[in-house]
Amino acid sequence: MSDTQTLDAAVVADYLSDKIDGFEGPLEVEKFQVGQSNPTFLLRTPTRNFVLRRKPPGMLLKSAHAVDREFRVQSALANTDVPVARMHHLCEDDSVIGSMFYVMDHVDGRNHTLPTMPDQDNAMRSGVIDDMNRVLAALHDVDIDAVGLSDFGPPGNYYERQIGRWSKQYRASETETVADMDRLMELLVEQTPADDGQRTLVHGDYRIDNMMFEKDGPLCLAVLDWELSTIGHPYADLAAVIMQWQMPATTEGRGLAGVDRAALGLPTDAEFIARYCERRGIGPIDNFGFYLAFNFFRMAAIIQGVLKRALDGNASNPERGKQMGQYVPVFANAGLKALEQG
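Residues numbered from 1 in each chain as written. Predicted model: local features only at pLDDT ≥ 70, side-chain atom pairs only at ≥ 80, totals over all residues. Heavy atoms only, no water.

Considerations on the nonpolar core
Core analysis: the largest hydrophobic core is formed by 78 residues, its most contacted members being Val82, Tyr159, Met181, Leu201, Trp226 and Phe297. Broken down by element, the residue count for this core peaks at 13 residues, all from helix 9 (residues 288–312). Not counting the four nearest positions on each side in its chain, phenylalanine 297 is found in contact with Gln162, Ile163, Trp166, Ser167, Met181, Leu184, Met185 and Leu188. If you look at the next biggest cluster of nonpolar residues, it comprises 17 residues, including Val12, Ala13, Tyr15 and Leu43. (Core = buried A, V, L, I, M, F, W, Y, C linked by side-chain atoms within 4.5 Å. Buried < 20%, exposed > 50% of the residue type's maximum accessible area, 1.4 Å probe, protein only. Helix = DSSP H or I, 4+ residues; strand = E, 2+ residues; numbered from the N terminus. Contact = heavy atoms within 4.5 Å.)

Here it is as C-alpha cells:
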C-alpha cells in the first residue's frame, strides 16, 4: 500500500486481532487531517477506539519519521508524571501496510489548536497553560535511567548535534537559497553555549496543539507526537513554547503575537519561564535568545522538509505542506532577531 490517505481496514483488523487483547472488528478507519509528518488514523471498533501512526511510504530522509522511537518513549513514560496514551503494538514489518506503524489508545479529550483558546474563559485558559507548564517541568525531571531511556540519545553537546543534524536535513531538502537561513546556521554554530551538563528527555515539538486535555477541565491527558524526542537539553523545549507564542495569532500561525494576554488570562513569556524554573528548582536562564533562535532554525528546517515532500508528491497533506513552506524565510529571520536580542 503506497497511499498515505487510506488504510485497508480488513488487513489491519486481521493483523491486530491477535496482537492486541480484546481487539475485534468490524473496523472503521478515518484519517486525521492534522499532522504533516506521520499519517495518523482513528481506528473504530465496536467496543473501543485506537489510533494508528505510520511512517509515510517511499524514500525518506535518514532518521525521519521514527515511529519506533515514538512508541518506545511513550511506553517508557507510562508510569511517570508525564501523561501519554497507552501503547499497544509496534509493527516493524513493512509488508503489512507498506511501512512501519504502531497502535495506541485513542485519548478521548479536547485538543486546543490555538493558545488563545477563543472558546474558553480566562480561568480555563490560565489553567490549561499552567498545566502545560507543569507537564513540561515533569518531562524534564523524568529519571531517564530509571525508565530505561539513558541511551535514547547520544552523549555530548545537544545543540551542536542538533544544529549539525538539521543543517544537513535542510540542505538535503533545500529548494531555493534563503540568505537568512544560511546566516542563521552560521551564527548558531558560532554561538553554541558550552555544555552545562543538563541531560534530560526532550519532546522536540512541545506546543499546545500536540496535547490532549480534559473535555471540561484544564488537565493534560496526553502529550502527543513524540517523533522528535531524544535525550537532550531541556531549554530547547521551553524555548519552543515561547517561539510558538511569537507567531501570529491566526489559525496558521497559532501564536500570541499582538494579543493582550492579561485580558485573556494568559501569562507573559517571562512568567511562564519563571514558573517553569520554580517547578524545577532552578535559577534564571541566561542567554535565552540562543535557545529561541535554535528553535526558529529547527522549525524552518522541518518546514523545508515538509515543502520538499509536498513538491515531490508524498506529503500527508500536500496543499498545506506548500502553504507551510512559505514560512521558511519568516522563521529564519525571526531566529536572527532572537540572537540579536540575546
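Topic: the sheet that holds strand 1 (residues 28–31)
The five strands lie next to each other as 1-2-3-5-4, forming an open sheet whose pairing is antiparallel. Of all the strands in the sheet, the pair left with one neighbour each is strand 1 and strand 4 (87–91). Taken pair by pair, the neighbouring strands of this sheet meet at an average axis angle of 20 degrees, ignoring direction. Contacting strand 3 (49–54), strand 4 and strand 5 (101–105), helix 2 (residues 67–76) crosses the sheet at an angle of about 155 degrees to strand 4. (Pairing = 2+ DSSP bridges. Axes fitted to C-alpha atoms, helices over the stretch in contact; angles between N-to-C directions.)

Focus on the side chain of asparagine 133
Note on placement: asparagine 133 falls in helix 3 (residues 122–140). Overall, the relative accessible area of 1% leaves asparagine 133 in the buried class. Within the structure, asparagine 133 has its side chain in polar contact with the side chain of arginine 279 (distance 2.9 Å). With sequence-adjacent residues up to four places away left out, asparagine 133 is seen in contact with Phe272, Arg275, Tyr276 and Arg279. (Polar contact = N/O pair within 3.5 Å; in protein donor to acceptor, adjacent residues only side chain to side chain.)

Here's the deal with the pairing of strand 8 (residues 220–223)
In the sheet, strand 7 (residues 211–213) pairs with strand 8 via three bridges, with the strands oriented antiparallel. Pairing of phenylalanine 213 across the sheet is with cysteine 220, part of strand 8.

Observations regarding helix 10 (residues 318–325)
For helix 10, the complete set of buried residues consists of Gly321, Met324 and Gly325. The buried residues of helix 10 occupy an angular sector of 105 degrees when projected down its axis, which confines them to one face. Along its buried surface, helix 10 packs onto helix 9 and helix 11 (328–341). (Arc of directions from axis to C-beta.)

Side note on the pattern of salt bridges
Under the defined criterion, the tally for this structure stands at 22 salt bridges. In the salt-bridge network here, residues are joined through shared partners; they are Asp130, Arg275, Glu278 and Arg279. (Salt bridge = Lys/Arg side-chain N within 4 Å of Asp/Glu carboxyl O.)

Quick look at the packing of helix 3 against helix 6 (residues 234–245)
Axis separation between helix 3 and helix 6 bottoms out at 9 Å; the angle between their running directions is 160 degrees. Between helix 3 and helix 6, the interaxial angle falls into the category roughly antiparallel. Note on packing geometry: the crossing formed by helix 3 with helix 6 is right-handed. Taken together, the residues of helix 6 that come into contact with helix 3 (itself represented by Ile129, Met132, Leu136, Leu139 and His140) are Pro234, Asp237, Leu238, Val241 and Trp245. (Parallel < 35°, antiparallel > 145°, perpendicular 65-115°, else oblique. Left-handed = near helix turned anticlockwise from the far one by under 90°.)

Quick word on the pairing of strand 4
The buried fraction of strand 4 is high, at five of five residues. The sheet contact formed by strand 4 and strand 5 spans four bridges and is antiparallel. In the strand pairing of strand 5, methionine 87 is matched with methionine 104.

Notes on the packing of aromatic side chains
Here the structure, examined in full by the defined rule, presents 14 aromatic pairs. On the basis of an interplanar angle of 75 degrees and a centroid distance of 4.9 Å, the ring pair of tryptophan 245 and phenylalanine 272 is categorised as edge-to-face. Residue tryptophan 245 is found in helix 6, and its partner phenylalanine 272 is found in helix 8 (residues 269–280); the two are separated by 27 residues along the sequence. For the pair tryptophan 245 and phenylalanine 272, one class covers both residues: buried. Judged by centre distance (6.4 Å) and plane angle (45 degrees), the ring pair of phenylalanine 294 and phenylalanine 297 falls under tilted. Of the two residues, phenylalanine 294 and phenylalanine 297 are both situated in helix 9; the distance of three residues between them amounts to about one turn of the helix. Here phenylalanine 294 matches phenylalanine 297 in class, with each residue buried. The residue whose ring lies beneath lysine 19 is tyrosine 15, and the NZ or CZ to ring-centre distance is 4.3 Å. (Phe/Tyr/Trp six-rings, centres within 6.5 Å; stacked < 30°, edge-to-face > 60°. Lys NZ or Arg CZ within 6 Å of the ring centre and 35° of its normal.)

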